[in-house]
Amino acid sequence: MDFTFTEEHLAAVEAAKAVFAGVAPDGVPSPALTPGAVAEDFDRALWARLADADLLSLLLDTEYGGAGLDPVALCLVLRESAKVLARVPLLESGAAAATVQRYGGAELKTRLLTRAGRGELVLTVAANGRSGHDPAELAVTARQDGDAWVLDGTQTAVPWAQNADLILVPAHTAADRTVLALVPRVHEGVVVAEQISTSGERLGELRLESVRIAAREVIEADGAWEWSRELLATGTCALALGLGEGVLGMTSEYTGKREQFGFPVATFQAVAVQAADRYIDLRAMEVTLWQAAWRIGTGAGGALPASGDVAVAKIWASEGVRRVVQTAQHLHGGFGADTDYPLHRYHAWAKQLELSLGPAAAHEEALGDLLAAHPLG
(Lines give C-alpha, C1' and ligand atoms only; values in the text may rest on other atoms or scores of the structure.)
Protein backbone atom coordinates (compact mmCIF):
# COMPACT_ATOMS: atom_id res chain seq x y z
CA MET A 1 0.00 0.00 0.00
CA ASP A 2 1.20 3.47 -0.89
CA PHE A 3 -0.66 6.29 0.85
CA THR A 4 1.24 9.00 -1.03
CA PHE A 5 -1.31 11.36 -2.53
CA THR A 6 -1.20 12.07 -6.23
CA GLU A 7 -0.80 15.53 -7.75
CA GLU A 8 -4.54 15.48 -8.50
CA HIS A 9 -5.32 14.69 -4.85
CA LEU A 10 -3.13 17.53 -3.64
CA ALA A 11 -4.66 19.93 -6.17
CA ALA A 12 -8.13 19.04 -4.84
CA VAL A 13 -6.97 19.76 -1.29
CA GLU A 14 -5.57 23.15 -2.27
CA ALA A 15 -8.77 24.04 -4.11
CA ALA A 16 -10.82 22.97 -1.09
CA LYS A 17 -8.70 25.03 1.30
CA ALA A 18 -9.20 28.08 -0.90
CA VAL A 19 -12.97 27.63 -0.99
CA PHE A 20 -13.35 26.87 2.72
CA ALA A 21 -11.00 29.65 3.81
CA GLY A 22 -13.88 32.12 3.91
CA VAL A 23 -16.28 29.89 5.86
CA ALA A 24 -17.05 30.94 9.44
CA PRO A 25 -17.96 28.04 11.77
CA ASP A 26 -20.31 30.38 13.64
CA GLY A 27 -22.05 31.61 10.50
CA VAL A 28 -25.46 30.38 11.64
CA PRO A 29 -27.23 30.61 15.03
CA SER A 30 -25.84 28.36 17.73
CA PRO A 31 -27.61 24.99 18.16
CA ALA A 32 -27.34 25.59 21.91
CA LEU A 33 -29.47 28.73 21.64
CA THR A 34 -31.87 27.73 18.85
CA PRO A 35 -35.00 25.71 19.71
CA GLY A 36 -35.47 24.54 16.12
CA ALA A 37 -33.16 24.18 13.15
CA VAL A 38 -30.22 26.56 12.90
CA ALA A 39 -31.15 27.29 9.26
CA GLU A 40 -33.79 26.34 6.72
CA ASP A 41 -31.34 25.44 3.96
CA PHE A 42 -27.73 24.47 3.48
CA ASP A 43 -25.13 27.04 2.46
CA ARG A 44 -26.11 27.61 -1.18
CA ALA A 45 -23.44 30.26 -1.74
CA LEU A 46 -20.73 27.83 -0.59
CA TRP A 47 -22.30 25.11 -2.73
CA ALA A 48 -21.97 27.37 -5.78
CA ARG A 49 -18.32 28.08 -4.98
CA LEU A 50 -17.63 24.35 -4.66
CA ALA A 51 -19.23 23.81 -8.07
CA ASP A 52 -17.17 26.63 -9.62
CA ALA A 53 -14.03 25.00 -8.22
CA ASP A 54 -15.05 21.62 -9.75
CA LEU A 55 -15.13 20.04 -6.30
CA LEU A 56 -18.63 18.58 -6.71
CA SER A 57 -17.57 16.44 -9.67
CA LEU A 58 -14.34 14.92 -8.35
CA LEU A 59 -15.54 11.32 -8.65
CA LEU A 60 -17.33 11.76 -11.97
CA ASP A 61 -15.74 10.72 -15.25
CA THR A 62 -14.61 13.33 -17.73
CA GLU A 63 -17.57 12.59 -20.02
CA TYR A 64 -19.79 14.03 -17.27
CA GLY A 65 -17.53 17.02 -16.65
CA GLY A 66 -15.69 15.42 -13.75
CA ALA A 67 -12.09 14.79 -12.77
CA GLY A 68 -12.34 11.00 -12.67
CA LEU A 69 -10.76 10.76 -9.22
CA ASP A 70 -11.31 8.19 -6.47
CA PRO A 71 -12.94 8.13 -3.02
CA VAL A 72 -9.65 9.25 -1.47
CA ALA A 73 -10.07 12.61 -3.24
CA LEU A 74 -13.60 13.01 -1.89
CA CYS A 75 -12.42 12.17 1.63
CA LEU A 76 -9.61 14.71 1.38
CA VAL A 77 -12.11 17.46 0.53
CA LEU A 78 -14.56 16.29 3.21
CA ARG A 79 -11.73 16.46 5.74
CA GLU A 80 -11.16 20.13 4.88
CA SER A 81 -14.90 20.88 4.97
CA ALA A 82 -15.28 19.55 8.51
CA LYS A 83 -12.52 21.78 9.84
CA VAL A 84 -14.82 24.76 9.29
CA LEU A 85 -18.17 22.95 9.80
CA ALA A 86 -19.17 23.52 6.17
CA ARG A 87 -22.96 23.18 5.87
CA VAL A 88 -23.25 21.46 2.49
CA PRO A 89 -24.41 18.00 1.33
CA LEU A 90 -21.01 17.26 -0.15
CA LEU A 91 -20.82 13.70 1.17
CA GLU A 92 -24.39 12.68 0.41
CA SER A 93 -24.59 14.20 -3.07
CA GLY A 94 -21.13 12.96 -3.98
CA ALA A 95 -21.80 9.41 -2.79
CA ALA A 96 -25.17 9.24 -4.57
CA ALA A 97 -23.70 10.52 -7.84
CA ALA A 98 -20.78 8.09 -7.60
CA THR A 99 -23.22 5.21 -7.04
CA VAL A 100 -25.27 6.21 -10.08
CA GLN A 101 -22.09 6.38 -12.16
CA ARG A 102 -20.84 3.00 -10.99
CA TYR A 103 -24.09 1.04 -11.11
CA GLY A 104 -26.75 3.07 -12.95
CA GLY A 105 -27.95 2.71 -16.51
CA ALA A 106 -26.56 4.79 -19.38
CA GLU A 107 -29.69 6.93 -19.72
CA LEU A 108 -29.81 7.66 -15.98
CA LYS A 109 -26.14 8.63 -15.89
CA THR A 110 -26.45 10.93 -18.89
CA ARG A 111 -29.49 12.66 -17.43
CA LEU A 112 -28.22 13.18 -13.88
CA LEU A 113 -24.47 13.23 -13.52
CA THR A 114 -23.46 16.35 -15.42
CA ARG A 115 -26.09 18.40 -13.59
CA ALA A 116 -25.05 16.92 -10.25
CA GLY A 117 -21.42 17.76 -10.93
CA ARG A 118 -22.36 21.37 -11.68
CA GLY A 119 -24.33 21.62 -8.44
CA GLU A 120 -27.62 22.13 -10.30
CA LEU A 121 -29.04 18.87 -8.96
CA VAL A 122 -28.68 18.09 -5.26
CA LEU A 123 -28.79 14.46 -4.16
CA THR A 124 -28.97 12.86 -0.75
CA VAL A 125 -29.18 9.32 0.62
CA ALA A 126 -31.58 7.63 3.05
CA ALA A 127 -29.15 5.44 4.96
CA ASN A 128 -30.50 5.26 8.52
CA GLY A 129 -33.39 2.86 8.23
CA ARG A 130 -36.66 3.20 10.10
CA SER A 131 -35.20 3.66 13.57
CA GLY A 132 -31.52 4.37 13.01
CA HIS A 133 -30.64 0.90 14.28
CA ASP A 134 -32.12 -1.50 11.72
CA PRO A 135 -30.55 -1.96 8.26
CA ALA A 136 -31.63 0.84 5.93
CA GLU A 137 -32.49 -1.54 3.09
CA LEU A 138 -35.14 -3.28 5.24
CA ALA A 139 -37.07 -0.10 6.07
CA VAL A 140 -38.69 0.21 2.64
CA THR A 141 -40.27 -2.45 0.44
CA ALA A 142 -40.16 -2.40 -3.35
CA ARG A 143 -42.35 -4.32 -5.76
CA GLN A 144 -42.57 -4.15 -9.50
CA ASP A 145 -45.83 -3.08 -11.12
CA GLY A 146 -45.60 -2.95 -14.87
CA ASP A 147 -42.87 -0.53 -15.90
CA ALA A 148 -42.59 1.00 -12.43
CA TRP A 149 -41.54 0.14 -8.91
CA VAL A 150 -43.84 0.80 -5.95
CA LEU A 151 -42.19 1.80 -2.67
CA ASP A 152 -43.65 1.68 0.85
CA GLY A 153 -41.95 2.40 4.16
CA THR A 154 -40.17 4.97 6.26
CA GLN A 155 -36.58 6.16 6.46
CA THR A 156 -35.50 8.32 9.37
CA ALA A 157 -32.88 11.08 9.75
CA VAL A 158 -32.32 11.72 6.05
CA PRO A 159 -29.79 14.58 5.81
CA TRP A 160 -30.84 17.63 3.78
CA ALA A 161 -34.09 15.85 2.84
CA GLN A 162 -36.07 19.11 2.63
CA ASN A 163 -33.54 20.70 0.29
CA ALA A 164 -32.38 17.90 -2.01
CA ASP A 165 -33.92 17.30 -5.40
CA LEU A 166 -33.57 13.51 -5.34
CA ILE A 167 -33.21 11.03 -2.49
CA LEU A 168 -31.42 7.73 -3.08
CA VAL A 169 -33.50 5.17 -1.18
CA PRO A 170 -32.50 1.52 -0.62
CA ALA A 171 -35.41 -0.91 -0.59
CA HIS A 172 -35.81 -4.66 -0.40
CA THR A 173 -37.85 -6.86 -2.68
CA ALA A 174 -39.83 -10.04 -2.07
CA ALA A 175 -36.90 -11.93 -3.57
CA ASP A 176 -34.66 -10.54 -0.79
CA ARG A 177 -32.75 -8.27 -3.14
CA THR A 178 -31.87 -4.63 -2.53
CA VAL A 179 -32.61 -1.99 -5.15
CA LEU A 180 -31.86 1.73 -5.08
CA ALA A 181 -34.57 4.16 -6.13
CA LEU A 182 -34.04 7.82 -6.92
CA VAL A 183 -37.10 9.40 -5.31
CA PRO A 184 -37.98 13.04 -6.04
CA ARG A 185 -38.51 15.11 -2.91
CA VAL A 186 -41.77 16.41 -4.38
CA HIS A 187 -43.69 13.41 -5.62
CA GLU A 188 -47.08 11.79 -5.08
CA GLY A 189 -47.00 9.66 -1.93
CA VAL A 190 -43.79 11.24 -0.58
CA VAL A 191 -44.00 12.96 2.80
CA VAL A 192 -40.98 14.54 4.51
CA ALA A 193 -41.45 15.31 8.22
CA GLU A 194 -38.94 17.57 9.94
CA GLN A 195 -36.40 16.25 12.41
CA ILE A 196 -33.53 18.14 14.05
CA SER A 197 -30.03 16.76 14.43
CA THR A 198 -27.78 17.15 17.46
CA SER A 199 -25.84 19.75 15.49
CA GLY A 200 -29.02 21.75 14.88
CA GLU A 201 -29.30 20.89 11.20
CA ARG A 202 -32.54 19.79 9.59
CA LEU A 203 -33.08 16.09 8.97
CA GLY A 204 -36.11 14.49 7.39
CA GLU A 205 -38.26 11.48 8.17
CA LEU A 206 -39.07 10.17 4.71
CA ARG A 207 -42.45 8.43 4.45
CA LEU A 208 -43.25 6.57 1.25
CA GLU A 209 -46.86 5.54 0.64
CA SER A 210 -47.32 3.54 -2.57
CA VAL A 211 -44.80 5.77 -4.35
CA ARG A 212 -44.44 4.84 -8.01
CA ILE A 213 -40.96 5.26 -9.46
CA ALA A 214 -40.21 4.57 -13.11
CA ALA A 215 -37.94 1.58 -13.69
CA ARG A 216 -35.33 3.81 -15.34
CA GLU A 217 -34.95 5.61 -11.97
CA VAL A 218 -34.15 2.39 -10.10
CA ILE A 219 -30.73 0.75 -9.81
CA GLU A 220 -31.01 -3.03 -9.61
CA ALA A 221 -27.32 -3.98 -9.85
CA ASP A 222 -26.00 -6.34 -7.21
CA GLY A 223 -23.68 -4.72 -4.68
CA ALA A 224 -24.79 -1.15 -5.42
CA TRP A 225 -26.16 -0.45 -1.95
CA GLU A 226 -23.28 -2.14 -0.15
CA TRP A 227 -20.76 -0.02 -2.06
CA SER A 228 -22.73 3.18 -1.52
CA ARG A 229 -23.15 2.46 2.19
CA GLU A 230 -19.41 1.86 2.62
CA LEU A 231 -18.57 5.07 0.76
CA LEU A 232 -20.95 7.04 3.00
CA ALA A 233 -19.44 5.50 6.13
CA THR A 234 -15.89 6.21 5.00
CA GLY A 235 -16.81 9.78 4.09
CA THR A 236 -18.29 10.23 7.57
CA CYS A 237 -14.98 9.03 9.01
CA ALA A 238 -13.26 11.73 6.91
CA LEU A 239 -15.58 14.34 8.41
CA ALA A 240 -14.75 13.08 11.91
CA LEU A 241 -11.03 13.29 11.16
CA GLY A 242 -11.23 16.84 9.82
CA LEU A 243 -13.35 18.01 12.74
CA GLY A 244 -10.98 16.40 15.22
CA GLU A 245 -7.97 18.05 13.60
CA GLY A 246 -9.71 21.41 13.70
CA VAL A 247 -10.56 20.99 17.37
CA LEU A 248 -7.06 19.88 18.35
CA GLY A 249 -5.65 22.89 16.50
CA MET A 250 -7.96 25.19 18.45
CA THR A 251 -6.90 23.53 21.69
CA SER A 252 -3.22 23.86 20.88
CA GLU A 253 -3.64 27.56 20.15
CA TYR A 254 -5.66 28.17 23.32
CA THR A 255 -3.39 26.27 25.70
CA GLY A 256 -0.35 27.97 24.17
CA LYS A 257 -1.74 31.38 25.12
CA ARG A 258 -3.58 30.64 28.35
CA GLU A 259 -1.28 31.12 31.33
CA GLN A 260 -1.40 29.84 34.88
CA PHE A 261 1.29 30.48 37.51
CA GLY A 262 3.10 32.54 34.88
CA PHE A 263 3.44 29.77 32.31
CA PRO A 264 1.35 28.67 29.29
CA VAL A 265 -0.79 25.70 30.32
CA ALA A 266 0.50 23.83 27.26
CA THR A 267 3.83 23.46 29.08
CA PHE A 268 2.22 21.52 31.93
CA GLN A 269 2.87 17.80 31.67
CA ALA A 270 -0.74 16.76 32.32
CA VAL A 271 -1.96 19.01 29.49
CA ALA A 272 0.74 17.89 27.07
CA VAL A 273 0.06 14.19 27.73
CA GLN A 274 -3.67 14.57 27.09
CA ALA A 275 -3.05 16.47 23.86
CA ALA A 276 -0.52 13.85 22.77
CA ASP A 277 -3.05 11.07 23.36
CA ARG A 278 -5.57 12.85 21.17
CA TYR A 279 -2.93 13.36 18.47
CA ILE A 280 -2.41 9.59 18.46
CA ASP A 281 -6.17 9.12 18.09
CA LEU A 282 -6.17 11.38 15.03
CA ARG A 283 -3.29 9.58 13.38
CA ALA A 284 -5.03 6.24 13.91
CA MET A 285 -8.24 7.71 12.49
CA GLU A 286 -6.28 8.94 9.49
CA VAL A 287 -4.47 5.75 8.56
CA THR A 288 -7.58 3.58 8.92
CA LEU A 289 -9.56 6.10 6.85
CA TRP A 290 -7.13 5.97 3.92
CA GLN A 291 -7.02 2.19 4.09
CA ALA A 292 -10.82 2.00 3.81
CA ALA A 293 -11.04 4.64 1.07
CA TRP A 294 -8.30 2.91 -0.91
CA ARG A 295 -10.05 -0.47 -0.69
CA ILE A 296 -13.39 1.02 -1.78
CA GLY A 297 -11.85 2.91 -4.67
CA THR A 298 -9.59 0.22 -6.05
CA GLY A 299 -11.56 -2.90 -5.21
CA ALA A 300 -8.23 -4.42 -4.14
CA GLY A 301 -8.40 -7.76 -2.43
CA GLY A 302 -7.31 -8.47 1.09
CA ALA A 303 -7.52 -10.93 3.93
CA LEU A 304 -10.95 -9.48 4.73
CA PRO A 305 -13.58 -7.83 2.52
CA ALA A 306 -13.44 -4.04 2.26
CA SER A 307 -16.22 -3.88 4.85
CA GLY A 308 -13.64 -5.01 7.41
CA ASP A 309 -11.46 -1.98 6.71
CA VAL A 310 -14.53 0.26 6.87
CA ALA A 311 -15.45 -1.25 10.25
CA VAL A 312 -11.96 -0.53 11.62
CA ALA A 313 -12.14 3.07 10.35
CA LYS A 314 -15.55 3.50 11.99
CA ILE A 315 -14.28 2.12 15.30
CA TRP A 316 -11.48 4.67 15.43
CA ALA A 317 -13.56 7.57 14.09
CA SER A 318 -16.50 7.04 16.44
CA GLU A 319 -14.36 6.71 19.55
CA GLY A 320 -11.67 9.14 18.44
CA VAL A 321 -13.84 12.14 17.60
CA ARG A 322 -15.59 11.85 20.97
CA ARG A 323 -12.32 11.67 22.89
CA VAL A 324 -10.86 14.64 20.99
CA VAL A 325 -13.76 17.00 21.72
CA GLN A 326 -14.06 15.87 25.32
CA THR A 327 -10.38 16.55 25.92
CA ALA A 328 -10.69 19.89 24.15
CA GLN A 329 -13.55 20.91 26.41
CA HIS A 330 -11.55 19.89 29.48
CA LEU A 331 -8.41 21.77 28.44
CA HIS A 332 -10.41 24.88 27.53
CA GLY A 333 -12.08 24.91 30.95
CA GLY A 334 -15.28 26.91 31.16
CA PHE A 335 -14.31 28.83 28.04
CA GLY A 336 -15.13 25.77 25.93
CA ALA A 337 -18.80 26.00 26.90
CA ASP A 338 -19.06 29.71 26.07
CA THR A 339 -21.53 30.08 23.21
CA ASP A 340 -19.55 33.05 21.90
CA TYR A 341 -16.66 30.66 21.22
CA PRO A 342 -17.02 28.05 18.43
CA LEU A 343 -15.86 24.98 20.36
CA HIS A 344 -19.38 24.11 21.54
CA ARG A 345 -20.47 23.92 17.88
CA TYR A 346 -17.69 21.45 17.12
CA HIS A 347 -18.79 19.42 20.13
CA ALA A 348 -22.37 19.25 18.80
CA TRP A 349 -21.18 18.27 15.33
CA ALA A 350 -18.86 15.64 16.78
CA LYS A 351 -21.73 14.10 18.73
CA GLN A 352 -23.84 14.00 15.56
CA LEU A 353 -21.00 12.27 13.68
CA GLU A 354 -20.56 9.79 16.51
CA LEU A 355 -24.28 8.99 16.41
CA SER A 356 -24.17 8.66 12.62
CA LEU A 357 -21.25 6.25 12.76
CA GLY A 358 -22.77 4.17 15.53
CA PRO A 359 -21.11 2.69 18.62
CA ALA A 360 -17.64 1.24 18.28
CA ALA A 361 -18.79 -1.94 20.03
CA ALA A 362 -21.20 -2.71 17.18
CA HIS A 363 -18.43 -2.32 14.61
CA GLU A 364 -16.12 -4.47 16.70
CA GLU A 365 -18.79 -7.17 16.70
CA ALA A 366 -19.16 -6.88 12.91
CA LEU A 367 -15.40 -7.11 12.53
CA GLY A 368 -15.39 -10.20 14.75
CA ASP A 369 -18.00 -11.83 12.52
CA LEU A 370 -15.87 -11.10 9.46
CA LEU A 371 -12.79 -12.56 11.13
CA ALA A 372 -14.76 -15.68 12.01
CA ALA A 373 -15.96 -16.03 8.42
CA HIS A 374 -12.53 -15.28 6.93
CA PRO A 375 -9.88 -16.87 9.21
CA LEU A 376 -6.51 -15.17 8.86
CA GLY A 377 -3.36 -17.14 8.13
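Everything numeric here is computed off the predicted structure, so don't read it as measured data.

Asks: I tried to follow the pairing of strand 2 (residues 140-145) on my own but got confused; where do I start?
Replies: Taken residue by residue, a regular strand's side chains alternate between the two faces of the sheet. Here six bridges tie strand 2 to strand 3 (residues 148-159), and the two strands are oriented antiparallel to one another. Following the sheet pairing, Q144 is matched in strand 3 by W149. The turn joining strand 2 and strand 3, which pair antiparallel and follow one another in sequence, is formed by two residues; a positive phi near 70 degrees is taken by G146.

Asks: What should I look at first to understand helix 4 (residues 90-103) in this one?
Replies: For the α-helix, the turn length of 3.6 residues means that residues three or four positions removed from each other point alike. A rise of 1.5 Å per residue sets the reference length of helix 4, with its 14 residues, at 20 Å; its end C-alpha atoms lie 20 Å apart and thus fit the reference within 8%. Within helix 4, twelve of the 14 residues are buried, which leaves it mostly tucked inside the rest of the structure.

Asks: Help me out: how do you make sense of the packing of aromatic side chains in this one?
Replies: Any pair of aromatic rings gets described here by the distance separating the centres and the angle formed by the planes. Per the counting criterion, the structure on display carries four aromatic pairs. Their ring planes at 80 degrees and their centres at 5.2 Å tell us that F5 and W290 sit as a pair that is edge-to-face. Remark: W290 occurs in helix 7 (residues 269-298) and F5 occurs in the segment before helix 1 (7-20); sequence separation between them is 285 residues. Given a relative accessible area of 26%, F5 falls into the partly exposed group. Judged by centre distance (5.9 Å) and plane angle (85 degrees), the ring pair of F42 and W160 falls under edge-to-face. Taken together, the residues span a long stretch of sequence, with F42 in the loop between helix 1 and helix 2 (44-52) and W160 in the loop between strand 3 and strand 4 (166-172) at a distance of 118 residues. Residue W160 is classed as buried on the basis of its relative accessible area, which comes to 9%. One aromatic cluster is present, formed by F42, W47 and W160 through successive ring pairs. Stacked on the ring of Y279, the Lys or Arg R283 has its end atom at 4.9 Å from the ring centre.

Asks: Quick question: what am I supposed to make of the environment of T178 here?
Replies: For T178, the position within the fold is in strand 5 (residues 178-184). Discounting chain neighbours no more than four positions away, the residues touching T178 are E137, P170, A171, H172 and W225.

Asks: Teacher, can you tell me more about the pairing of strand 5 here?
Replies: Within strand 5, five of the seven residues are buried, leaving the element largely enclosed by the surrounding structure. As judged from the seven bridges shared by strand 4 and strand 5, these two strands associate in the antiparallel manner. When the sheet's bridge partners are listed, L168 is paired in strand 5 with L182. A loop of five residues connects strand 4 with strand 5, the two strands running antiparallel in sequence, and D176 in this loop sits at a positive phi of about 60 degrees.

Asks: What's the story with unusual backbone geometry in this structure? I'm lost.
Replies: The backbone of D176 sits at a positive phi, close to 60 degrees, despite the residue not being glycine. For D176, the position within the fold is in the loop between strand 4 and strand 5. Residue classification places D176 among the exposed residues on the basis of a relative accessible area of 67%. Unlike most non-glycine residues, S210 shows phi in positive territory, near 50 degrees. Checked against the element boundaries, S210 lands in strand 7 (residues 202-214). The class of S210 is partly exposed, set by a relative accessible area of 46%.

Asks: Is there a simple way to think about the nonpolar core in this case?
Replies: Soluble globular proteins: nonpolar side chains tend toward being buried together. By size, the foremost hydrophobic cluster in this structure holds 90 residues, and its most contacted members are F20, L50 and L243. A total of 16 residues in this core trace back to one element, the largest contributor, which is helix 6 (residues 224-257). When neighbours within four sequence positions are excluded, L243 is seen to be in contact with A82, K83, L85, V321, V325, Y346, W349, A350 and L353. Membership of the second largest hydrophobic core comes to 20 residues, among which are W149, I167, V190 and V211.

Asks: So what exactly am I meant to see when it comes to helix 8 (residues 306-332) here?
Replies: Taking 1.5 Å of rise per residue, the 27 residues of helix 8 would be expected to cover 39 Å, and the 39 Å separating its terminal C-alpha atoms lies within 8% of that figure. G333 sits one or two residues past helix 8 and shows a positive phi near 65 degrees.

Asks: Just to check I follow, could you spell out the pattern of salt bridges for this structure?
Replies: Side-chain pairs of opposite charge can arise whenever the charged atoms involved come near each other. Applying the stated criterion across every chain, the model contains 25 salt bridges. Of the charged contacts in the structure, one is a salt bridge between E194 and R202, with a shortest N-O distance of 2.5 Å. On the basis of relative accessible area, E194 is assigned to the partly exposed category, the value being 46%. Two residues, E354 and K351, come together in a salt bridge whose shortest N-O distance is 2.9 Å.

Cut-offs used in this document
- Residues numbered from 1 in each chain as written.
- Predicted model: local features only at pLDDT ≥ 70, side-chain atom pairs only at ≥ 80, totals over all residues.
- Heavy atoms only, no water.
- Pairing = 2+ DSSP bridges.
- Helix = DSSP H or I, 4+ residues; strand = E, 2+ residues; numbered from the N terminus.
- Expected span 1.5 Å × (residues − 1).
- Buried < 20%, exposed > 50% of the residue type's maximum accessible area, 1.4 Å probe, protein only.
- Phe/Tyr/Trp six-rings, centres within 6.5 Å; stacked < 30°, edge-to-face > 60°.
- Lys NZ or Arg CZ within 6 Å of the ring centre and 35° of its normal.
- Contact = heavy atoms within 4.5 Å.
- Core = buried A, V, L, I, M, F, W, Y, C linked by side-chain atoms within 4.5 Å.
- Salt bridge = Lys/Arg side-chain N within 4 Å of Asp/Glu carboxyl O.

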